[in-house]
Amino acid sequence: MNLIFLGPPGSGKGTQALKLSQQESLIHLSTGDVLREAVKNETELGKKAKEYMNAGNLVPDALIVGLIQEKIKNGHLGNGFILDGFPRTIPQAEALKRMLEEQSLKLDFAICFHVEDDKIVKRMAGRRFCPVCQTTYNIYVEDAKPKNDGKCDKDNEDLIIRSDDLEDVVRNRLVVYHKQTKPIVEFYRNESILVEIDADRAPEEVFNSILETVK
Ligand code: AMP
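Residues numbered from 1 in each chain as written. Predicted model: local features only at pLDDT ≥ 70, side-chain atom pairs only at ≥ 80, totals over all residues. Heavy atoms only, no water.

J.: Which residues make up the nonpolar core, and what are the values?
T.: By size, the foremost hydrophobic cluster in this structure holds 31 residues, and its most contacted members are Ile 68, Leu 83, Leu 96, Leu 107 and Tyr 188. For this core, the secondary structure elements donating two or more residues are β1 (2-6), α3 (44-55), α4 (61-73), β3 (81-84), α5 (90-102), β4 (109-114) and α8 (183-190). Excluding its chain neighbours within four sequence positions, the residues that come into contact with Leu 83 are Leu 3, Ile 4, Phe 5, Leu 29, Leu 77 and Leu 96. (Core = buried A, V, L, I, M, F, W, Y, C linked by side-chain atoms within 4.5 Å. Buried < 20%, exposed > 50% of the residue type's maximum accessible area, 1.4 Å probe, protein only. Helix = DSSP H or I, 4+ residues; strand = E, 2+ residues; numbered from the N terminus. Contact = heavy atoms within 4.5 Å.)

Structural data, given as structure tokens:
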């Protein structure tokens, strides 16, 4: 099963992708995670991507398409995958289609997560992140809160706010989403693989809707 997860930042697609990938033994590829790792390790890709990410803008298509192409060619997407955060523009969606066709692969579903902008801003303002073990928390969500204020449950490190979760940056990311990523919803509707999910619900309910779709 080959899936892509679409939706605004903070709509929960990363959490759901991780859970589904574990349950269904799929490869989970988050371009945001790959880029953050590259920035942390100060690789060439990281150096090029950093400024765009800090401003909440998209990294240029050529960089991202090159990254995905490498994974597909080297067979890193295995027997089934979830692409989380890719594609995010029409050129990326077209490039993905070509790259998959070259490997005789195709997408089964494009799952689009819907949450209103104001709710997203609130959700993201509560996000906290452990810089050491990368665990993400949310101080406004009962089952995602750290046990001790401001400290990671796993290693007791001080939690931080990711630079791209700051409110101004989040608002810009939403503008970018509506302008550049929303058009690919129509792209996948035309391909007849679009599934739209109300993601403004408890995480388990959202997960059950996704399971119903893919089963
Ligand atoms: P995410 O964690 O998916 O929200 O991604 C964090 C940031 O990484 C985004 O705000 C972009 O700057 C960059 N990014 C991730 N995926 C892509 C993509 N497919 N195209 C362009 N930029 C991306």
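J.: Talk me through the side chain of Gln 16; I want residue IDs and the actual numbers.
T.: Inspection of the secondary structure puts Gln 16 in helix α1 (residues 13-24). Once you skip the residues sitting within four places of it in the chain, Gln 16 turns out to touch Phe 5, Phe 113, Pro 203, Val 206, Phe 207 and Ile 210.

J.: Tell me about the site of the ligand, residues and numbers included.
T.: In the region of the ligand, 16 residues are neighbours, and Thr 31, Asn 57, Gly 85, Gln 92 and Arg 173 sit closest. Gly 85 places a polar main-chain atom, nitrogen or oxygen, 2.9 Å from a nitrogen atom of the ligand. Here Arg 88 contributes a side-chain N or O atom positioned 3.0 Å from a nitrogen atom of the ligand. Here the element with the most residues in the shell around the ligand is helix α2 (residues 31-40); it accounts for four residues. Partitioned by chemical class, the residues of the shell around the ligand number six nonpolar, five polar and five charged. (Near = heavy atom within 4 Å. Polar contact = N/O pair within 3.5 Å; in protein donor to acceptor, adjacent residues only side chain to side chain. Nonpolar A, V, L, I, M, F, W, Y, C, P; charged D, E, K, R; others polar.)

J.: Pulling in residues and values, what's your account of the sheet that holds strand β7 (residues 194-198)?
T.: The five strands lie next to each other as β2-β3-β1-β4-β7, forming an open sheet whose pairing is parallel. Two strands in the sheet have a free side with no partner beyond their single neighbour: β2 (27-30) and β7. This sheet shows a mean twist of 20° between the axes of neighbouring strands, independent of strand direction. Of the strand pairs in this sheet, β4 and β7 are connected by five bridges, and their pairing is parallel. Pairing of Ala 110 across the sheet is with Leu 194, part of β7. Seen against the sheet, α2 touches β2 and β3 and runs at an angle of roughly 60° to β2. (Pairing = 2+ DSSP bridges. Axes fitted to C-alpha atoms, helices over the stretch in contact; angles between N-to-C directions.)

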